[in-house]
Structure formats: structure tokens, C-alpha cells
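Residues per chain, in single letters:
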Amino acid sequence: MVWRRHICRIGKHSDEKLQSHLAVFSDTTNIPFPPWIFKYAAGKHNVFRVNGTVFQQCIIPPTNEALSSGYDVITLATPGRKWYICGVGKHCESGGMKLFINVLSKSSPPLPSYYPAPSGKVFVVGDYKGWTLNFDYQAWAMGKKFYVGDKLVFRYPKGIHNVFRVDGTSFHQCIIPAANQTLTSGYDVITLQTPGRKWYICGVGKHCQMGMKLFINVLPYPTRVSSIPSNKQSPTT
Ligand SMILES: [Cu+2]
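Here the structure is a predicted model, which is why all the values come from computation and not from measurement. (Residues numbered from 1 in each chain as written. Predicted model: local features only at pLDDT ≥ 70, side-chain atom pairs only at ≥ 80, totals over all residues.)

J.: Explain the sheet that holds strand β11 (residues 187-191) residue by residue, including any values.
T.: With mixed pairing, 3 strands are arranged side by side in an open sheet as β7-β9-β11. Edge positions in the sheet fall to β7 (122-124) and β11, since each has one partner strand and no second. Neighbour-to-neighbour, the strand axes of this sheet turn through a mean angle of 20°, independent of strand direction. Examined bridge by bridge, β7 and strand β9 (residues 151-155) share 3 bridges and lie parallel to one another. Paired with Val124 across the strands is Val153, a residue of β9. (Pairing = 2+ DSSP bridges. Helix = DSSP H or I, 4+ residues; strand = E, 2+ residues; numbered from the N terminus. Axes fitted to C-alpha atoms, helices over the stretch in contact; angles between N-to-C directions.)

J.: Tell me what's going on with the nonpolar core, and back it up with residues and numbers.
T.: Counting 23 residues, the largest nonpolar core has Val125, Trp131, Phe154, Val163, Ile201, Cys202 and Val218 as the members making the most contacts within it. Aside from chain neighbours lying at most four places away, what touches Cys202 is Trp131, His161, Asn162, Val163, His207, Cys208 and Met212. Phe38, Tyr40, Ile85 and Ile101 belong to the second largest nonpolar core, which has 14 residues in total. (Core = buried A, V, L, I, M, F, W, Y, C linked by C-beta atoms within 7 Å. Buried ≥ 20, exposed ≤ 12 C-beta atoms within 10 Å, placed from the backbone. Contact = placed C-beta atoms within 7 Å.)

In C-alpha cells, the structure reads:
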């Protein structure tokens, strides 16, 4: 009982997580709001755009308001909260077939040109706790926006921990790479050079398995409108 693609069920994701999801999504595409696609076997489900109350109580609107093609494309034309439910049987009530999203307003309209300089923020991983055991780095990263040009600082007592940049598989399975790829200074500064997913783990003992791991998604430079699109500049730094 699922809608496929770009769906996040309420209950599985917190509001915050959805926001960061969507923020990432809209920042990595050139259109202000990507279309949301509900994909399902036609006839088995449908899609209603509803309001918050209806969403919560699973009140099914009149059938003529339903989308039912099995591949319903919804363009998120305006920012704000949007609620969608499936109106078949008890799918909303019992099956959790309901989706709540918060569409963020783009700080910038389309026709982007690039800022010459990146935002250049410095993130101390784990803030005052630093790079340590018993810390939830995914919670720390949630809601933060990392841009190309920003820096991560891993701060820890030298010799107690270290930092490896790894790929997604090594991240999930805590596979420690060769020791010569490690950062060990205790104040390791990493400049985020390219957009995309980045994974970091501690390679000491079972620290990675114990949760000393950080996953972030680096966004391209923030963009803003240029009145003369042909004047588009490339990043200079
Ligand atoms: Cu460690």
C-alpha cells in the first residue's frame, strides 16, 4: 500500500526532516519547486489534496476532487503546508497513506546566476561537544544547510578519535579505510569543495558502530536572480 517516489509518510519523518528533504530537493534543481509525483496502481489508490483538519481526521472529500491516474503530477506552485491523502477505503485512516509537506519559499526566484563567493560558513561538527562518542550527528546535521565553500571542523582530543571521509557503503557498514587516508590532528578542517553527499566516520575501535558518523548533503552555491541572465558568472573562488 504505497505511493511511490518522492513520498514521505507522516509518522516516519518528522516535519523538520521533511523540510530538510525538500530544501535539498529544491536547491539542487533549477526549477523553484520540483513536481511531486504520486505513482500507484490506478484504481487501487487515489490522491486528494486536503487541508490540515481533513488530513488529521481522514475525511474523504467528494470523489470528483480526486486525482486517480496512477501517475499524478503535482506542481508545488506556492510555498506553505500541503496535505495529501488517499481516499480509498481506510487507506488514510489505517494504512497511513497520508503525506504532509512544507514547501519552503525559495529565497531566490528562478533564472539563477551564481554568487561569486560561497557562503563560507564554518561548522564545528557537534558544536561544543565536538567529535565524540554518544552524540547524534544526524540530529546535529538535521536542518542545517551546507553549501560548497563551507567548512567542517572536527574537533577532538588528538589520538582518541580520527576522521575518515568515506563512501555511503563504508559509512553504513563502518568499513575503515587505509590509515593513510585519515585525519588525526584533533582539529581537522575540511572545506566542502563539491556538492553532493559526504560521509565521515571515526576509524578508532568500534566508534563508527557506536554512532560516530556524520552524513551531510552539500548544496551548490546559493543562487539569486540576475536581471540579465546572459551576465551569468561562474564562481571565482
Ligand atoms: Cu572515535
